[in-house]
Amino acid sequence: MSLLDNIKRYLSAPAHTVNSNYHVVAIALGLTVYMILVVLQPFGINEGPASKYFYLLGFGVITYVGSVIPTAIMHRIYKTEVAEGTFSNGKNITAFLLSVLLIMIGNFLYFKALNPDSSSMTMLWAAVWQTLVIAVLIVGVYMTFDNARLRREIERVQQINQRLTANTSAQTVETQNFASLPSDKTTINPDTLLYIESDKNYCKITTADGTTTLRSTLTTLENQLKPCGHVIRCHRAFLVNMKSVEGIIGSASSGYKLKIKFHDATVPVSRTYIAEVLGYFEG
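What you see is a predicted model, and the numbers here were worked out from it, not measured in a lab.

The rules behind these values
Here the residue numbering is sequential within each chain, running from 1 through the sequence in written order. Given that this is a predicted model, residues contribute local features only at a pLDDT of at least 70 and side-chain atom pairs are listed and counted only at 80 or more, while totals for whole chains, interfaces and linings are drawn from all residues. To obtain the side-chain values, all non-hydrogen atoms of the structure were used and water was disregarded. Under the scheme used here, helices are H or I runs from DSSP no shorter than 4 residues and strands are E runs no shorter than 2 residues, and both carry numbers assigned from the N terminus. When a residue's accessible area, from a 1.4 Å probe over protein chains only, is under 20% of the maximum for its type it is buried; when over 50% it is exposed; and in between it is partly exposed. Should any heavy atoms of two residues lie within 4.5 Å, those residues are considered in contact. Residue exposure ignores everything except the shown protein chains as possible cover, and the areas themselves are Shrake-Rupley values with a 1.4 Å probe. Strands are treated as partners if at least two bridges between them are detected by DSSP. Structural elements are reduced to axes, namely lines fitted to C-alpha atoms, with helices fitted over the stretch in contact, and the angle between N-to-C directions of any two is expressed from 0 to 180 degrees. Salt bridge, as applied in this entry: a Lys or Arg side-chain nitrogen positioned within 4 Å of an Asp or Glu carboxyl oxygen. Aromatic rings from Phe, Tyr and Trp, with only the six-membered ring used for Trp, were paired whenever their centres fell within 6.5 Å, and each pair was classed as stacked if the ring planes differed by under 30 degrees, edge-to-face if by over 60, and tilted otherwise. For a Lys NZ or an Arg CZ to count as sitting over a ring, it must be within 6 Å of the ring centre and within 35 degrees of the ring normal. Put simply, angles under 35 degrees are roughly parallel, angles over 145 are roughly antiparallel, angles from 65 to 115 are roughly perpendicular, and the rest are oblique. Crossings are assigned a handedness: left-handed for a near helix turned anticlockwise from the far helix by less than a right angle, right-handed for a clockwise turn. Charged residues are taken to be Asp, Glu, Lys and Arg, nonpolar residues to be Ala, Val, Leu, Ile, Met, Phe, Trp, Tyr, Cys and Pro, and polar residues to be all remaining types, Gly included.

## Considering the overall build of the protein chain
Then, number 1: Scanning the protein chain for helices and strands turns up 8 helices and 8 strands.
Then, number 2: When burial is assessed residue by residue, the protein chain has 39% of its 283 residues classed as buried.
Then, number 3: In the protein chain, of all internal contacts separated by at least 6 residues, the share reaching a separation of at least 24 is 57%.
Then, number 4: Total accessible area on the protein chain stands at roughly 16300 Å², and carbon and sulfur atoms take up 61% of it.

## Observations regarding the side chain of Glu222
Then, number 1: Examined against the element boundaries, Glu222 turns out to sit in helix α7 (residues 218-225).
Then, number 2: Beyond its immediate sequence surroundings of up to four residues, Glu222 is in contact with Arg233 and Leu239.

## A short note on the sheet that holds strand β8 (residues 266-269)
Then, number 1: Spatially, β6-β7-β8 is the arrangement adopted by the 3 strands of the open sheet, whose pairing is antiparallel. In this open sheet, the two edge strands, each paired with only one partner strand, are β6 (245-251) and β8. The average angle at which neighbouring strand axes cross in this sheet is 25 degrees, direction not considered.
Then, number 2: Both β6 and strand β7 (residues 255-260) contribute to a ladder of 6 bridges, which runs antiparallel. Residue pairing across strands places Ile248 opposite Leu258, the latter belonging to β7.
Then, number 3: Relative to β6, helix α6 (residues 120-166) is tilted by about 150 degrees, and along the sheet it contacts β6 and β7.
Then, number 4: The strands touched by helix α8 (residues 274-282) within the sheet are β6, β7 and β8, with β6 carrying the most contacts at an inclination of about 140 degrees.

## Some points on the pattern of salt bridges
Then, number 1: Under the counting rule described, the total for this entry stands at 7 salt bridges.
Then, number 2: Note that Asp146 and Arg149 form a salt bridge whose closest N and O atoms lie 2.8 Å from each other. Of this pair, Asp146 and Arg149 both sit in helix α6, separated by 3 residues, roughly a single helical turn.
Then, number 3: Of the charged contacts in the structure, one is a salt bridge between Glu222 and Arg233, with a shortest N-O distance of 2.9 Å.

## What about unusual backbone geometry?
Then, number 1: Despite not being glycine, Lys200 shows a phi value in the positive range, around 60 degrees.
Then, number 2: Structurally, Lys200 can be placed in the loop between β1 (193-199) and β2 (202-207).
Then, number 3: Its relative accessible area of 75% is what places Lys200 among the exposed residues.

## Overview of the packing of aromatic side chains
Then, number 1: The final tally for this structure, using the stated rule, is 7 aromatic pairs.
Then, number 2: An angle of 80 degrees between the planes, with centres 5.5 Å apart, marks the rings of Tyr280 and Phe281 as edge-to-face.
Then, number 3: For Phe281, a relative accessible area of 13% puts it in the buried group.
Then, number 4: Through successive ring pairs, a cluster of aromatic residues spans Phe59, Tyr110 and Phe111.
Then, number 5: Note that Lys91 overlies the ring of Tyr78, its terminal NZ or CZ placed 4.8 Å from the centroid.

## Things to note about the packing of α6 against α8
Then, number 1: In the contact formed by α6 and α8, the axes pass within 10 Å of each other and the chain directions differ by 40 degrees. When the interaxial angle is binned, α6 and α8 end up oblique. With respect to the hand of their crossing, α6 and α8 are arranged in left-handed fashion. Counting all contacts with α6, which are made through Glu153, Arg156, Val157, Ile160, Arg163 and Leu164, the residues of α8 involved are Ile274, Ala275, Leu278, Gly279, Phe281 and Glu282.
Then, number 2: Across the contact of α6 with α8, the residue classes tally to 7 nonpolar, 1 polar and 4 charged.

## Section: the sheet that holds β2
Then, number 1: With antiparallel pairing, 5 strands are arranged side by side in an open sheet as β3-β2-β1-β5-β4. In this open sheet, the two edge strands, each paired with only one partner strand, are β3 (210-215) and β4 (231-235). Between one strand and the next, the sheet's axes are offset by a mean angle of 25 degrees, whatever the strand orientation.
Then, number 2: Relative to strand β5 (residues 238-241), β1 runs antiparallel, the two being bridged by 3 bridges. Across the sheet, the residue bridging to Glu197 is Phe238, located in β5.
Then, number 3: Along the sheet face, α7 touches β1, β2, β3, β4 and β5 and points at about 150 degrees away from the line of β1.

Encoded structure:
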């Protein structure tokens, strides 16, 4: 596979991390930029007056605004992909680059407002240089922690798969722990339930005996099955009986899937629910 094919595959793969709470992340970035400027005092900032600390807050505000706007727009446009955990690396990188560009423009305008008599080219160079240096520093720290988190996640998945593989005895589902879900003449058989897939106003219920359709929302079924403790949501469109899972396949880059026992099927796990799924097996 060529380098170009590898790049295309990476850009189209689901992003490792999608910041749903991007306002909180943007506030953290703004405070981080402010602290970097105060502590390290790069670019001759230490030569300014004591009031410089107040003016440095402006760069934090610019970072917050510049981070929020592109991310909010991308998340609004690709709302479904964000919810399903399929928001790609390419879109994530695009949002980041737009943020850097917007912050760079904001820094330039702020420099000019603080130094109206200075050359525009000097101010532009200062804005570009400052923004890129701090962006590289923050991205480097973020990638270090994110890679460590992904390694821990991979190790957890491997340990879970080892336990599932070692547990070769058949597990029976406790019928009395499931809710009864009648709808007209359709009833879920809790002994053979594998997973449930949402299809608009209907749900496809897959059991060891086959697939039936029930007129209901996935949230309604989730709430009714919640008391049993082992039918959980693993995706915006899926509930899965965790006792029917025999392994976790895939990867952090391509996305995880749950392999179902005695059935030629896999159920996707979105990034939103991966922590809950792993926590179930470790609990």
